Structure formats: C-alpha cells, structure tokens
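# Coordinate inspection notes
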Amino acid sequence: MAKQAWVDQDECISCGVCIDNIPDVFRFAENGKAECYDPNGAPEEEIENNAIDACPVSCIHWKE
Ligand code: SF4
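Residues numbered from 1 in each chain as written. Predicted model: local features only at pLDDT ≥ 70, side-chain atom pairs only at ≥ 80, totals over all residues. Heavy atoms only, no water.

### Quick word on the environment of N31
One can find N31 in the loop between β2 (26–28) and β3 (34–36). N31 sits in the partly exposed class, given a relative accessible area of 49%. It is 25 Å that separates the C-alpha atoms of N31 and E64, two residues lying 33 residues apart in sequence. Looking at N31, its side chain comes within polar contact range of the side chain of Q9, at 3.0 Å. (Helix = DSSP H or I, 4+ residues; strand = E, 2+ residues; numbered from the N terminus. Buried < 20%, exposed > 50% of the residue type's maximum accessible area, 1.4 Å probe, protein only. Polar contact = N/O pair within 3.5 Å; in protein donor to acceptor, adjacent residues only side chain to side chain.)

If you want it as structure tokens, here you go:
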C-alpha cells in the first residue's frame, strides 16, 4: 500500500498552511483541525515538501 499522510489533530494549531498548499489533499474538519481527506490527491513528494515539512508544529506524518 502506498504511504498515506495523516494529521495528528491533537497537535494541529489550525494554521492552514497544509490546506493552502495542497487543497486537493487537506481540508479543515468540522472540529477546526486539518485532516487528510484524499491521501492520493497529490504526489508523495509534494505532500512531503509542502505539507509535512511545511507544517509549523510537525504534526503531519506518514502512515505506511
Ligand atoms: S500545517 Fe500543520 S498545524 Fe497547520 S493546519 Fe496543517 S496540520 Fe495543522
């Protein structure tokens, strides 16, 4: 199975960076925290560079 990103919502500060950068993969959930609603919405490299590495609190991780 391909790697899938997931957001640790306990750590997410709702800054919106991942959603602004990759709206095809991340969105705000009803609780106001980010969620990965389409793990296949962008290439792994884009998710790595523009979400995982860009998150200010490093709360986006790979689940394999
Ligand atoms: S970049 Fe990180 S802290 Fe900001 S909304 Fe996305 S998951 Fe939350």
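### Regarding unusual backbone geometry
One non-glycine residue, S14, lies in the positive phi region at around 60 degrees. Examined against the element boundaries, S14 turns out to sit in the loop between β1 (4–7) and α1 (17–21). Judged by relative accessible area, which is 31%, S14 ranks as partly exposed. The backbone of S58 shows a phi angle near 50 degrees, a positive value even though the residue is not glycine.

### Brief notes about the pattern of salt bridges
Any two side chains of opposite charge can pair, so long as their charged atoms come close to each other. Under the defined criterion, the tally for this structure stands at one salt bridge. One salt bridge in this structure joins E35 and R27, with 2.6 Å as the shortest N-O distance. With a relative accessible area of 40%, R27 lands in the partly exposed category. (Salt bridge = Lys/Arg side-chain N within 4 Å of Asp/Glu carboxyl O.)

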